[in-house]
Amino acid sequence: MENKQLSFYEEARGNGISRKEFLKFCTIMAAWLGLETSGVGQIVKALETKPRLPVIWFHFQECTCCSESFIRASHPIVASIVLDKISLDYQETLMAASGVQAEDAYKTVMAKFPGEYIVMVEGSIPTENEAYCCIGGRSALQILKEAVANSKAVVAWGNCASAGCVQAASPNPTGAKPVHKVISGKPVINVQGCPPIADVMAGVVVHLLTFDRIPQLDGLGRPKAFYSRRVHDTCYRRANFDAGLFVEAFDDEGAKRGYCLYKMGCKGPVTYNSCGIIKWNDGISYPIQSGHPCIGCAEEGFWDNGPFYKHLPQIAGFGIETTADKIGVAVGLSALAGVTGHAVLTNIRKHREIANAPEAGSEIENPKEK
Amino acid sequence: MRIRSVPMREVQVWELPVRIYHWVNALCILSLVITGYTIGSPPAFMKGTEAYFNYWFGTVRFIHFVTAFVFFFNFLVRIYWGFAGNEFSRWYNFIPLKRCQWKEILTVIKVDVLQITNRQIDSIGHNSLASLIYFITFLIFLLQCLTGFGMYSAMSKAFLPHLFAWVVPFLGGDIHVRQLHHILMWGFILFSIIHIYLVFYHDYIERRGVTSSMIGGWKYIEEDVILRHENRTEECPKN
């Protein structure tokens, strides 16, 4: 470890990034975080003066797609500065160290920056049997609890760490749980998505560094700056939705014309993310723009609410592709049948009553009297 | 000519607010189910045109949202009337806390549902089984309002829907909220089928004019039933 902690800016200059590029990066970040113009200055100042964030980055039950996404952030500063520096502390996949050296790096951060370092987690934590995920002979849960105890905040990258993702999908054999369900006492930022958008990840890091506090979160612990709007509300195909123009099959006229993918099972209307605005791969495209419905990867339980290509989720326990509508029609028809049967029975009873009634013209007793 | 001579009296059962509530509610449910089902499974009757010229799906959603507000406030009025209205509309009719209510539920099941015995049901307003079913529908109303406004809160700046914003994180996300909202819609359809049938049934069997009572408010009730109702000994909110 170096003695003097370099700032992000110093690291950036050292890596050959010009001041102009640096300022561009700060401006983009301010825009994504939804800050006013004065926010740009704050970010510039923070990145110039503050030492970089000490970070411990864990990989538990996951596929590393969050890291993969992160290193493809649209601006090189994110990748080369944020990630290079993060990897110096502890990042199981990217760091050069291994074995004892890796453990040392991890312990050094905890000893040197108590209450300052950020724990970033990729992946869910097994609770059915902790042995399903062990690193260096200790379980994910033990490692996480130890690291979180003296941390400043926890960032849960991706759906695994935020909601359990595929490991927590039914039947969830490992008892996989997201970070916020296994730790307590520290703020957890759920950066949702499978993976989260790289620039969103960068935005969260920049926010933490600039303002020294966690960003404003929604009810599910997601930063509001990026997760307050549905993919549907920012979708460029939204006009087709309101006009009732829907793709009916992937090869039909509507698909060619770029109609709404609602009927192809698009989960945009129930998914909160910035895909429609920030997009992916340097703002090139995002699933819907490529003609594919959103699968709702930034939502809890998206694996269990399939099929991906059907609007309504199937209902567990009723067989594959049984939707609420199919069950509803069946129950409705049974009700109609029941009601018809009841009406027939009632009429038989009623006719018997009429047949047994005294002759016309005479007064009769109330037939229902006890 | 067949003539019945049963001593009857007219009883005002449903006051005007209850009747207005009933019909507003019926129209709202009709509109909400039709628009709601359309939102869930939109028919694709347009092809080869551009979004610029059309807005029909937006209109369907708009009708759904506006009706939902009417439905919600109408529901609130009914809850208020459960504390302010006459004995037949009071809240305690709907929650079977008393033994005699459960006894009547059993009787109604035997007499009207299974038709294994034939006895007079003494209730003047709703019978206890009907009341219990209405209580369950009120719970469905509540859940439908919670899930509906919960989903709506994300696209609204208004004060009211934001009171329901907690529902989405509580249920774990919009996917679950939408699914529940959709399943509950079928509860409304099921209720309507049975409700409409039973109105016909009761009018046919009991001849108390239950169908028109929801228009005029008055029912014909046998004198002896009224007598028993007035002299009831058991301390029971129901007759």
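Only a predicted model underlies this, so the values are computations on that prediction, with no experimental measurement involved.

Can you lay out the overall build of chain B for me, pointing to particular residues and giving the numbers?
For chain B, the helix and strand inventory stands at 9 helices and 2 strands. Overall, chain B shows an N-to-C arrangement of helices and strands of β-α-α-α-α-α-α-α-α-β-α. Long-range pairs, those at least 24 residues apart, make up 69% of the contacts in chain B between residues at least 6 apart in sequence. In the structure as shown, chain B presents an accessible area of about 12,300 Å², 71% of it carried by carbon and sulfur atoms. If you average the places of the 21 positive and of the 16 negative side-chain charges in chain B, the two averages end up 4 Å apart.

Before we move on, can you summarise helix α9 (residues 223-230) of chain B with the specific residues and values?
Residue and element names in this part refer to chain B. When we look at burial in α9, the residues that qualify are V225, I226 and H229. Down the axis of α9, the smallest arc covering the buried residues is 100°, so these residues share one side. Buried residues along α9 sit against β1 (8-12) and β2 (218-222).

Describe the sheet that holds strand β7 (residues 153-157) of chain A, naming the residues involved and giving the relevant values.
All names here are of chain A. Across the sheet, 5 strands lie side by side as β2-β1-β3-β7-β9; this open sheet has parallel pairing. The open sheet has two free edges, formed respectively by β2 (90-91) and β9 (188-191), since each of these has just one partner strand. Note that strand β3 (residues 118-122) and β7 share 5 bridges and pair parallel. Each residue of the ladder has a partner; that of E122, found in β7, is W157. Most of the contacts of helix α6 (residues 99-112) go to strand β1 (residues 55-59), to which it runs at about 135°, and overall it touches β1 and β2.

Explain the interface of chain B and chain A residue by residue, including any values.
Between chain B and chain A, the residue contacts involve 59 residues of the former and 60 residues of the latter. Buried surface at the junction of chain B and chain A, summed over both partners, amounts to about 5,500 Å²; 55% is from carbon and sulfur atoms. At the junction of chain B and chain A, the tally comes to 2 salt bridges. Here R257(A) ties to E50(B) by a salt bridge, and the two come within 2.7 Å at their closest N and O atoms. In this assembly, chain B and chain A are joined by 23 residue pairs in polar contact (both at pLDDT 80 or more). Listed by contribution, the elements that provide at least two residues to the side of chain B that touches chain A are α1 (16-40), α2 (56-84), α3 (99-113) and α7 (174-206) of chain B. At 17 residues, α7(B) tops the list of elements feeding residues into the side of chain B that touches chain A.

How would you explain the packing of α1(B) against α7(B) if you had to name every residue and give the values?
Residues and elements named next belong to chain B. Put simply, α1 and α7 touch, their axes get as near as 10 Å, and they point 135° apart. It follows that α1 is oblique to α7 by the angle criterion. The element α1 and its partner α7 pack so that their crossing is left-handed. Contacts between α1 and α7 involve H22, I29, V33, G36, Y37 and G40 from the former and H182, M185, W186, F188, I189 and H195 from the latter.

Give me the lowdown on the domain arrangement of chain A, citing residues and values where you can.
All names here are of chain A. Here chain A is partitioned into domain 1 (8-226) and domain 2 (231-290). Computed from C-alpha atoms alone, the centre-to-centre distance between domain 1 and domain 2 is 29 Å. Contacts between the two partners involve 12 residues from domain 1 and, on the opposite side, 8 residues from domain 2. Both sides of the domain 1 and domain 2 interface together cover about 840 Å² of buried area, and 60% of this is carbon and sulfur. Connecting domain 1 to domain 2 are 0 salt bridges. Where domain 1 packs against domain 2, one counts 1 residue pair in polar contact (both at pLDDT 80 or more).

Requested: an account of unusual backbone geometry, with residues and values cited.
Residue and element names in this part refer to chain A. The omega angle of the peptide bond from S170 to P171 is 5°, so this bond is cis rather than trans. With respect to the secondary-structure elements, P171 resides in the loop between α8 (158-163) and β8 (176-177). Of note, the bond from C194 into P195 is cis; its omega dihedral lies within 30 degrees of zero at -5°. Along the chain, P195 falls in the loop between β9 and α10 (198-211). Of note in the backbone geometry, C165 takes a positive phi value of approximately 45° without being a glycine.

Any chance you could break down the nonpolar core for me, citing the residues and the numbers?
All names here are of chain A. Core analysis: the biggest nonpolar cluster contains 61 residues, and W157 and V191 have the highest contact counts within it. In this structure, this core is formed jointly by two domains, domain 1 (8-226) and domain 2 (231-290), each of which donates at least three residues. Residue contacts for W157: discarding those within four places in its chain leaves W57, C66, M120, V121, E122, G123, V191, P196, M201 and V205. In this structure, F60, V109, C133 and A147 belong to the second largest nonpolar core, which totals 28 residues.

For the packing of aromatic side chains, give the residues involved together with the corresponding values.
Residue and element names in this part refer to chain A. Applying the stated criterion across every chain yields a total of 41 aromatic pairs over all chains. Judged by centre distance (5.5 Å) and plane angle (35°), the ring pair of W57 and W157 falls under tilted. Taken together, the residues W57 in strand β1 and W157 in strand β7 connect sequence positions 100 residues apart. For the pair formed by W57 and W157, the shared burial category is buried.

Account for helix α14 (residues 324-356) of chain A, naming residues and giving values.
Here α14(A) is 33 residues long and its end C-alpha atoms lie 48 Å apart, about the 48 Å a rise of 1.5 Å per residue gives. Buried within α14(A) we find A324(A), D325(A), G328(A), G332(A), A335(A), V339(A), H342(A), T346(A), R349(A) and K350(A). Close packing links the buried residues of α14(A) with α1, α3 and α7 of chain B.

Please give an account of the environment of R349(A) that cites residues and values.
Structurally, R349(A) is set in helix α14. Owing to a relative accessible area of 13%, R349(A) belongs among the buried residues under this scheme.

Hey, could you go over the pairing of β7(A) for me, with residue numbers and the actual values?
All names here are of chain A. Counting buried residues along β7, 5 of its 5 residues qualify, which places the element largely inside the surrounding structure. Residues A153, V155 and W157 line one face of β7 and the alternating positions V154 and A156 line the opposite face, and both faces are buried. Bridge analysis of β7 against β9 gives 4 bridges, and the strand direction is parallel. When the sheet's bridge partners are listed, V155 is paired in β9 with I189.

Criteria and cut-off values
Residues numbered from 1 in each chain as written. Chains lettered and ligands numbered in written order. Predicted model: local features only at pLDDT ≥ 70, side-chain atom pairs only at ≥ 80, totals over all residues. Heavy atoms only, no water. Helix = DSSP H or I, 4+ residues; strand = E, 2+ residues; numbered from the N terminus. Contact = heavy atoms within 4.5 Å. Areas by Shrake-Rupley, 256 points an atom, 1.4 Å probe, with all protein chains shown as cover. Lys, Arg positive; Asp, Glu negative; His and termini not counted. Charge placed at Lys NZ, Arg CZ, Asp CG, Glu CD. Buried < 20%, exposed > 50% of the residue type's maximum accessible area, 1.4 Å probe, protein only. Arc of directions from axis to C-beta. Pairing = 2+ DSSP bridges. Axes fitted to C-alpha atoms, helices over the stretch in contact; angles between N-to-C directions. Buried area = accessible area lost by both parts, 1.4 Å probe. Salt bridge = Lys/Arg side-chain N within 4 Å of Asp/Glu carboxyl O. Polar contact = N/O pair within 3.5 Å; in protein donor to acceptor, adjacent residues only side chain to side chain. Parallel < 35°, antiparallel > 145°, perpendicular 65-115°, else oblique. Left-handed = near helix turned anticlockwise from the far one by under 90°. Domains from an automatic or database assignment. Core = buried A, V, L, I, M, F, W, Y, C linked by side-chain atoms within 4.5 Å. Phe/Tyr/Trp six-rings, centres within 6.5 Å; stacked < 30°, edge-to-face > 60°. Expected span 1.5 Å × (residues − 1).

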